[in-house]
Amino acid sequence: MQSLDNIELLSGLTAAERQEIAAKCSWKTYSPGKQILEKSSTSRDVFFVVSGSVNIVNFGVSGREVAYATVEAGQYFGELSAIDGRPRSANVIANKECVLASMSPENFTELLKDHPEVSIQVLQRLARIIRVNDERILDLSTLGAVQRVCQELLRMAEPDPVTPGSCSFTLCPHKVRSPAGYPLRAKPWLVFWGNCHMMTSSSRRVKTCT
């Protein structure tokens with residue numbers, strides 16, 4: 001039976017309510033590398049990732065891929081176009097074989113109206129995007145590339161329980177997140193770079209994991 005029980009956005013609803021929403025969705029399986037959405041397309045559906053994962057990417061003028069995030073099972077994407085009616089802002093490509101449940105913008109709007117707790121979660125994510133992007137814009141305007149990496153690592157730092165007065169952070173690719181809250185497609189060289197250079201600071205203890 002097709003189920004949305006693992007979708008975090010809908011976790012506060014009853015099983016019967018989730019089943020009713022699932023019945024309004026179109027279900028499709030995508031193979032790895034299959035394009036799901038194209039930037040600037042007029043599709044406005046919202047997608048729930050039931051299994052597998054997808055990559056959100058864009059391409060520069062030279063054709064170079066710019067990876068924004070990976071959306072894992074239990075998450076959703078596409079809400080911006082459903083809300084404002086504008087074209088897609090990025091490409092979405094299947095990372096692994098995935099099952100997606102797509103919902104029309106009309107049904108998504110109805111969901112938000114009927115379930116305020118779902119609306120609040122969507123609003124909180126949009127607010128987080130705005131706040132994080134404000135920080136990124138400030139960083140881009142005032143810091144160099146190396147400083148921006150250091151700034152991002154410092155944002156991840158937490159008080160070190162072992163050494164009083166110092167901080168530590170764990171560099172795990174799945175913990176590094178995009179402005180939208182998705183795990184970033186972190187590169188191994190970035191992890192090593194952070195480890196090598198940030199270790200020179202006596203006030204930081206760096207841990208890495210794979």
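Everything numeric here is computed off the predicted structure, so don't read it as measured data.

Each value, and the rule that gives it
Residues numbered from 1 in each chain as written. Predicted model: local features only at pLDDT ≥ 70, side-chain atom pairs only at ≥ 80, totals over all residues. Heavy atoms only, no water. Helix = DSSP H or I, 4+ residues; strand = E, 2+ residues; numbered from the N terminus. Buried < 20%, exposed > 50% of the residue type's maximum accessible area, 1.4 Å probe, protein only. Contact = heavy atoms within 4.5 Å. Salt bridge = Lys/Arg side-chain N within 4 Å of Asp/Glu carboxyl O. Axes fitted to C-alpha atoms, helices over the stretch in contact; angles between N-to-C directions. Left-handed = near helix turned anticlockwise from the far one by under 90°. Nonpolar A, V, L, I, M, F, W, Y, C, P; charged D, E, K, R; others polar. Phe/Tyr/Trp six-rings, centres within 6.5 Å; stacked < 30°, edge-to-face > 60°. Lys NZ or Arg CZ within 6 Å of the ring centre and 35° of its normal.

Relative to the assigned elements, Gly78 resides in the loop between β6 (76-77) and α2 (79-84). According to the relative accessible area criterion, Gly78 is buried, its value standing at 15%. In this structure, the C-alpha to C-alpha distance between Gly78 and Pro105, residues 27 residues apart in sequence, is 9.6 Å. Each residue touching Gly78, except ones within four places of it in the same chain, is listed here: Arg44, Asp45, Val46 and Arg88.

Scanning the entire structure with this criterion turns up 3 salt bridges. Residue Lys24 pairs with Glu110 through a salt bridge whose shortest N-O separation is 3.5 Å. Of the two residues, Lys24 sits in the loop between α1 (15-23) and β1 (26-30) while Glu110 sits in helix α3 (residues 105-114), which places them 86 residues apart along the sequence. The exposure class of Lys24 is partly exposed, given its relative accessible area of 33%. For Arg125, the salt bridge identified is with Glu79, shortest N-O distance 2.6 Å. You can see Arg125 sitting in helix α4 (residues 116-142) and its partner Glu79 sitting in helix α2, a full 46 residues away along the chain.

What follows covers the packing of α4 against helix α5 (residues 145-155). Pairs of packed helices are described in terms of their axes, by the angle between the two and the distance that separates them. For the pair α4 and α5, the least separation of the axes is 10 Å and the interaxial angle reads 145 degrees. Crossing hand, α4 versus α5: right-handed. Residues Glu135, Arg136, Asp139 and Leu140 of α4 pack against Arg148, Gln151, Glu152 and Arg155 of α5. When its residues are assigned to classes, the contact of α4 with α5 shows 1 nonpolar, 1 polar and 6 charged.

Applying the stated criterion across every chain, the model contains 1 aromatic pair. When the ring of Phe47 is compared with that of Phe77, the centres are 5.1 Å apart and the planes differ by 5 degrees; the resulting orientation is stacked. Pair noted here: Phe47 is in strand β3 (residues 46-51) and Phe77 is in strand β6, with a separation of 30 residues, a long-range link. Each member of the pair, Phe47 together with Phe77, is buried. A cation over an aromatic ring shows up here: Arg125 above the ring of Tyr76, its NZ or CZ 3.9 Å from the ring centre.

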